[in-house]
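Here is how the chains run, residue by residue.
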Amino acid sequence: MADALRIPLGSIDYLKIPMTTAPAAATTYAVEMSLVPYSQFHAVEADWEDAEWIVGATTPTCRILAPADLALGEYVLRARITASPERPIVEADGLLEVY
């Protein structure tokens, strides 16, 4: 994994995942993202939230707003595309650290 993305406690920032291996057409599909504590690691169905594609990005990139109530710690950020029958999951290059 790459270095952690760091945000201060209480910060409300967009969290982004560039899909470097996805074709440009990926942005025509629904995208969701999950943000779970590193200690939990795997997302369950209730952890997934609707995300959005960044219009005009050179690489298909999705984003979600980080909730302001995140506790201190490290989190795993993932994106999931629904392209029936496939539903691939992509993990961010690094952890999110709330400090």
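**Q** An account of the pattern of salt bridges is requested, with residue identities and associated values reported.
**A** Taken as a whole and assessed by the stated rule, the structure comprises seven salt bridges. Here Arg80 ties to Glu45 by a salt bridge, and the two come within 2.9 Å at their closest N and O atoms. Of this pair, Arg80 sits in strand E7 (residues 73-82) while Glu45 sits in the loop between strand E3 (30-37) and strand E4 (48-50), placing them 35 residues apart in sequence. Taking the shortest distance from any N to any O, the salt bridge between Glu91 and Arg78 comes out at 3.1 Å. A residue pair is termed long-range when its members are at least 10 positions apart, and Glu91 in strand E8 (residues 89-91) and Arg78 in strand E7 qualify at 13 residues. Residue class for Glu91 comes out partly exposed when judged on its relative accessible area of 30%. Of the residues examined, Arg78 reaches a relative accessible area of 6% and is grouped as buried.

**Q** Let's hear about unusual backbone geometry: which residues, and what values?
**A** Cis peptide bonds are those with omega within 30 degrees of zero, and the linkage from Ser84 to Pro85 qualifies with 10°. Summarising the element assignment, Pro85 is placed in the loop between E7 and E8. One non-glycine residue, Phe41, lies in the positive phi region at around 60°.

**Q** A description of the nonpolar core should follow, citing residues and the corresponding values.
**A** Core analysis: the biggest nonpolar cluster contains 20 residues, and Ile17 and Cys62 have the highest contact counts within it. For this core, the element with the highest residue contribution is E7, accounting for four residues. Among all residues touching Ile17, those that are not within four sequence positions of it are Met33, Pro60, Thr61, Cys62, Leu77, Arg78, Ala79, Val90 and Ala92.

Conventions used here
- Residues numbered from 1 in each chain as written.
- Predicted model: local features only at pLDDT ≥ 70, side-chain atom pairs only at ≥ 80, totals over all residues.
- Heavy atoms only, no water.
- Salt bridge = Lys/Arg side-chain N within 4 Å of Asp/Glu carboxyl O.
- Helix = DSSP H or I, 4+ residues; strand = E, 2+ residues; numbered from the N terminus.
- Buried < 20%, exposed > 50% of the residue type's maximum accessible area, 1.4 Å probe, protein only.
- Core = buried A, V, L, I, M, F, W, Y, C linked by side-chain atoms within 4.5 Å.
- Contact = heavy atoms within 4.5 Å.

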